Structures are given as structure tokens and as C-alpha cells.
Amino acid sequence: MARERTFVMVKPDGVQRGLIGEIVSRLEDRGFTMVAGKFMQIDDELAREHYAEHVDKPFFDDLTSFITAGPVFAMVWEGDDVTRQVRQMMGATDPAEAAPGTIRGDFAVDLGRNVIHGSDNEDPGANEREIELFFDSSELIEYERIDDSWLYE
Ligand code: DAT
Ligand code: MG
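Residues numbered from 1 in each chain as written. Chains lettered and ligands numbered in written order. Predicted model: local features only at pLDDT ≥ 70, side-chain atom pairs only at ≥ 80, totals over all residues. Heavy atoms only, no water.

1. A look at the site of ligand 1
Then, number 1: Taken together, Lys 11, Tyr 51, His 54, Phe 59, Leu 63, Arg 87, Thr 93, Arg 104, Leu 111 and Asn 114 are the residues near ligand 1.
Then, number 2: Between ligand 1 and His 54, the relevant distance is 3.0 Å, taken from an oxygen atom to a side-chain nitrogen or oxygen of the residue.
Then, number 3: Separating an oxygen atom of ligand 1 from a side-chain N or O atom of Asn 114 is a distance of 2.8 Å.
Then, number 4: In isolation ligand 1 has 510 Å² of accessible area, and contact with the protein removes 74% of it.
Then, number 5: Each residue belonging to the shell around ligand 1 can be placed in one class, and the counts come to four nonpolar, three polar and three charged. (Near = heavy atom within 4 Å. Polar contact = N/O pair within 3.5 Å; in protein donor to acceptor, adjacent residues only side chain to side chain. Areas by Shrake-Rupley, 256 points an atom, 1.4 Å probe, with all protein chains shown as cover. Nonpolar A, V, L, I, M, F, W, Y, C, P; charged D, E, K, R; others polar.)

Here it is as C-alpha cells:
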């Protein structure tokens, strides 16, 4: 399994509902390494670029309004297979379909307020593209967790 990085973001609803700590905790507890984190306000231009794949969807304007409606907590997480495993921890896009135990299944009820974003593991290169969009390379910190040798065989 290859070491990789993925982009994760607590959306404005998650920030307002006090879920930053809970979400960071879950990823830390699993054993992943946070290599960047930034509390920030997304502007309209960044929102449109981040969600460019959805530009033709009927929900695009609602989506960009929502993601710019308040601050977000943007992060980069590292680990073996991290992109796919974070998607599993997030749960289905629609919280109504998300399994209990997942972040969306435990903390959200509505498709348009689903608390967390993670790079799409079905879309090759999405993780690198999103990391570059939100972070300067100097903001990514290279280090190892002290428990790495006990997390990986
Ligand atoms: P995900 O966030 O699980 O990667 P996505 O990339 O398909 O899902 O969509 C991005 C966001 O857009 C999603 O988190 C919530 C919103 N969204 C997706 N499908 C929608 C729909 N049919 N109606 C309203 N909002 C939708
Ligand atoms: Mg997506």
C-alpha cells in the first residue's frame, strides 16, 4: 500500500456546529498524519474552482453559496491508502444514506449540509489537484508520527 496524501475539509456547517475537533480526532485516532491545516474563508472564485466538476449541475449555485457562507477548516492528511479510507470514514454523500459510524452518518441529515469534504478516490489525481488549490507547498510539513512504526507492519 502506497503512502499518499488527501485533501479534507470541515465545511462551514461542521465549523458552526463545533465539529472540527471531533473530525480531526477521528482521523488522528485512526492513525493518519495531518501534514497541513488552515482555518480560512473560501471566496467565490476558489469555490467555483474547487467544485468545477459540478459547474453544470442544478445545485452548483447553492453549493458555492454554502461553501463560502462561513469559515472552513482545510487539511491535508497522509497515510497508506488514505484517500480511499477517509472517503469510507466520511460515509455516503447523502447523509440519509450514510452508514452509522461514518462522519456523515453520525453528524448530518441533509445532502446540502454534509459536514465534510474529502478528495474523490474515484477521480485520479483529485487529491493532488485539491491540495495544490488550497495549499502552498511550503505549508505542507514533512514529519513522521512517533507511533508510525506501530501503525504499519
Ligand atoms: P462528495 O462531497 O461526497 O464528494 P460530490 O462531489 O458528488 O460528493 O458533490 C459535492 C457536494 O455537492 C456534496 O458534498 C453535496 C452536494 N451535492 C451533491 N449532489 C447533490 C444533489 N443531487 N443535490 C444537491 N447537492 C448535491
Ligand atoms: Mg466530491
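Right, picking up where we left off after that structure.
2. Some thoughts on the environment of His 117
Then, number 1: You can see His 117 is positioned in strand β4 (residues 116–118).
Then, number 2: Look at His 117 and you get buried, because its relative accessible area is 10%.
Then, number 3: Taking the C-alpha atoms as reference, His 117 lies 5.5 Å from Val 8; in sequence the two are 109 residues apart.
Then, number 4: Ignoring anything within four residues of it in the chain, the contact list for His 117 reads Phe 7, Val 8, Met 9, Lys 11, His 50, Tyr 51, Met 90 and Glu 130. (Helix = DSSP H or I, 4+ residues; strand = E, 2+ residues; numbered from the N terminus. Buried < 20%, exposed > 50% of the residue type's maximum accessible area, 1.4 Å probe, protein only. Contact = heavy atoms within 4.5 Å.)

3. Let's talk about the packing of aromatic side chains
Then, number 1: Enumeration according to the criterion identifies two aromatic pairs in this entry.
Then, number 2: When the centroid spacing of 4.4 Å and the interplanar angle of 25 degrees are considered together, the rings of Phe 7 and Phe 134 count as stacked. Of this pair, Phe 7 sits in strand β1 (residues 3–10) while Phe 134 sits in helix α7 (residues 126–134); the two residues are 127 residues apart in sequence, bridging distant segments of the chain. Of the two residues examined, Phe 7 and Phe 134, each falls in the buried class.
Then, number 3: An aromatic cluster of three or more residues is present, and its members are Phe 7, Phe 134 and Phe 135. (Phe/Tyr/Trp six-rings, centres within 6.5 Å; stacked < 30°, edge-to-face > 60°.)

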